[in-house]
Amino acid sequence: MSLTELIDKDAIQHVYIRYCEIVDAKDFDRMDEVFQEDCVGDYTQALGPGVISPNRASLIASMHANLGPDSSCGATHHNVLNFRIAVDGDRAAAKVHYYAVHRGRGRWDGALYSMWGQYADDLVRTPAGWRVARRVYTVALTEGPSEVVAGP
């Protein structure tokens with residue numbers, strides 16, 4: 001493995017770490033640091049047939065609705081691990097496991113909803129650094145009431 005490939009893999013890992021930090025800070029409008037403007041998110045496995053986010057703006061809107069101040073979701077804690085990254089020039093493919101805990105509020109005050117799953121992403125190198133161009137989001141396990149992250 002070359003030094004360049006190691007540097008790229010480290011930079012890509014930091015995209016995922018930044019994603020967790022942005023989500024947990026509920027600073028969703030900073031997702032331009034993670035996703036390309038025309039990114040596509042496939043949430044079909046987790047949320048049902050045809051649930052596709054066609055761009056970054058729709059992804060950010062969904063985050064505001066499901067995790068933001070007007071939602072049933074309070075504090076969150078997202079973790080990423082088991083990075084499997086293959087770099088090919090200015091493109092990369094990554095599979096990364098996640099674990100996320102969400103504390104309910106309002107009607108769901110005190111409830112915890114936990115999720116374990118995987119991000120399967122295609123990334124591209126941009127002038128601003130690596131960005132996710134396509135995400136396939138899957139959930140392997142959950143515990144607790146999913147209504148905590150189901151919007152208001």
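Preceding block: the structure.
Note that the coordinates shown come from a computational prediction; the quantities given were computed from them, not determined experimentally. (Residues numbered from 1 in each chain as written. Predicted model: local features only at pLDDT ≥ 70, side-chain atom pairs only at ≥ 80, totals over all residues. Heavy atoms only, no water.)

**Regarding the pairing of strand S4 (residues 91–104)**
Okay, so step 1: Sheet analysis places strand S3 (residues 73–88) next to S4, joined by twelve bridges and oriented antiparallel. Across the sheet, residue His77 finds its bridge partner in S4, namely Val101.
Okay, so step 2: Counted along the chain from S3 to the antiparallel partner S4, the turn is two residues long, and its residue Gly89 has a positive phi close to 65 degrees.
Okay, so step 3: The sheet contact formed by S4 and strand S5 (residues 112–126) spans 13 bridges and is antiparallel. Each bridged residue has a counterpart across the sheet, and for Arg103 the counterpart in S5 is Leu112. (Pairing = 2+ DSSP bridges. Helix = DSSP H or I, 4+ residues; strand = E, 2+ residues; numbered from the N terminus.)

**What to know about unusual backbone geometry**
Okay, so step 1: Phi at Lys26 is positive, roughly 55 degrees, even though this residue is not glycine.
Okay, so step 2: One can find Lys26 in the loop between helix H1 (3–25) and strand S1 (35–42).
Okay, so step 3: Since its relative accessible area comes to 25%, Lys26 is described here as partly exposed. (Buried < 20%, exposed > 50% of the residue type's maximum accessible area, 1.4 Å probe, protein only.)

**Here we look at the side chain of Arg131**
Okay, so step 1: Structurally, Arg131 can be placed in strand S6 (residues 129–143).
Okay, so step 2: No salt bridge forms around the buried Arg131; measuring N to O, its nearest opposite-charge neighbour Asp32 is 6.4 Å away.
Okay, so step 3: Reaching out from Arg131, the side chain makes a polar contact with the backbone oxygen of Glu33 at a distance of 3.4 Å.
Okay, so step 4: When near neighbours in sequence (up to four residues on either side) are disregarded, Arg131 contacts Arg18, Asp32, Glu33, Val34, Phe35, Gln36, Asp122, Leu123, Val124 and Thr126. (Lys, Arg positive; Asp, Glu negative; His and termini not counted. Salt bridge = Lys/Arg side-chain N within 4 Å of Asp/Glu carboxyl O. Polar contact = N/O pair within 3.5 Å; in protein donor to acceptor, adjacent residues only side chain to side chain. Contact = heavy atoms within 4.5 Å.)

**Here's the deal with the state of the cysteines**
Okay, so step 1: Counted by the stated rule, this structure contains zero disulfides.
Okay, so step 2: Residue Cys20 stays outside any disulfide, its sulfur separated by 14 Å from that of Cys73, the closest cysteine. (Disulfide = S-S within 2.5 Å.)

**Some words on H1**
Okay, so step 1: With 23 residues, H1 ought to run about 33 Å at 1.5 Å a step, and its terminal C-alpha atoms sit 33 Å apart, in line with that.
Okay, so step 2: Of all the residues in H1, the buried ones are Asp8, Lys9, Ile12, Val15, Tyr16, Tyr19, Cys20, Ile22 and Val23.
Okay, so step 3: Looking one or two places after H1, you find Lys26, whose phi comes out positive at around 55 degrees. (Expected span 1.5 Å × (residues − 1).)

**Comments concerning the environment of Gly68**
Okay, so step 1: Here Gly68 lies in the loop between helix H3 (56–67) and S3.
Okay, so step 2: Here Gly68 is in contact with Phe28, Met63, Cys73 and Arg105, once residues within four sequence places are set aside.

**Describing the pattern of salt bridges**
Okay, so step 1: Per the counting criterion, the structure on display carries eight salt bridges.
Okay, so step 2: Note that Asp27 is salt-bridged to Arg30, the shortest N-O span being 3.5 Å.
Okay, so step 3: Linking Asp90 and Arg125 is a salt bridge whose minimum nitrogen-to-oxygen distance equals 2.6 Å. Taken as a pair, Asp90 in the loop between S3 and S4 and Arg125 in strand S5 lie far apart in primary sequence, 35 residues in all.
Okay, so step 4: On the accessibility criterion, Arg125 (34% relative accessible area) is partly exposed.
Okay, so step 5: One continuous salt-bridge network, built from bridges that share partners, spans Arg18, Asp27, Arg30 and Glu33.

Don't take any of this as a statement about function, it's just geometry.
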